[in-house]
Amino acid sequence: PDKKWLAVCGNPHCRLYSNDQSSSGHAHQFDGHSTNVTSVVFSPDGTAMYTASEDSTIKGWDLRTNQSTLQLSCSHAVNALAMRPTGGLLVSGD
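Residues numbered from 1 in each chain as written. Predicted model: local features only at pLDDT ≥ 70, side-chain atom pairs only at ≥ 80, totals over all residues. Heavy atoms only, no water.

**Observations regarding the nonpolar core**
Item 1. By size, the foremost hydrophobic cluster in this structure holds 8 residues: V41, A48, Y50, A52, I58, V78, L81 and M83.
Item 2. If you tally residues by element for this core, the top one is strand β5 (residues 48-53), at 3 residues.
Item 3. Of all hydrophobic cores here, the second largest spans 7 residues; its members include C14, L16, V37 and W61. (Core = buried A, V, L, I, M, F, W, Y, C linked by side-chain atoms within 4.5 Å. Buried < 20%, exposed > 50% of the residue type's maximum accessible area, 1.4 Å probe, protein only. Helix = DSSP H or I, 4+ residues; strand = E, 2+ residues; numbered from the N terminus.)

**Here's the deal with the state of the cysteines**
Item 1. Counting across every chain of the model gives 1 disulfide.
Item 2. What pairs with C9 in a disulfide is C14, and their sulfur atoms sit 2.0 Å apart. Every disulfide takes its handedness from the sign of the S-S torsion; for C9 and C14 that torsion is 110°, giving right-handed.
Item 3. With relative accessibility at 2%, the residue C14 sits in the buried group.
Item 4. Cysteine C74 is unpaired, with the sulfur of C14 as its nearest cysteine sulfur at 16 Å. (Disulfide = S-S within 2.5 Å.)

**Notes on the environment of R15**
Item 1. Topologically, R15 is positioned in strand β2 (residues 14-18).
Item 2. For R15 and V40, which are 25 residues apart along the polypeptide, the C-alpha to C-alpha distance reads 11 Å.
Item 3. Residue contacts for R15: discarding those within four places in its chain leaves L6, A7, V8, H26, H28 and Q29.
Item 4. Among the polar contacts made by the side chain of R15, one reaches the side chain of Q29 at a distance of 2.7 Å. (Contact = heavy atoms within 4.5 Å. Polar contact = N/O pair within 3.5 Å; in protein donor to acceptor, adjacent residues only side chain to side chain.)

**Let's talk about the pattern of salt bridges**
Item 1. Scanning all chains against the criterion turns up 1 salt bridge.
Item 2. Residue D62 is joined to R64 by a salt bridge in which the shortest nitrogen-to-oxygen separation is 3.2 Å.
Item 3. The exposure class of D62 is buried, given its relative accessible area of 14%. (Salt bridge = Lys/Arg side-chain N within 4 Å of Asp/Glu carboxyl O.)

What follows is the structure in structure tokens.
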């Protein structure tokens, strides 16, 4: 939300890169999915990131501690995530 981070996600992790030109390499890596990460969204306040995967899970990550704070299991691969601009509602789709 503040354009401070760029999330690059693939199989099976996400990496955050700082938008600061003076830093090189990724700042943080988030592991936990077992297959392709298909979608990522940030919370409006920039303190959390949510990832979706073909492994039928949605994970929440605290960007202050870099720890997983949420895991939701779905009955199908999750290919899309969206968050209400004011927060509080996370929507997924296949």
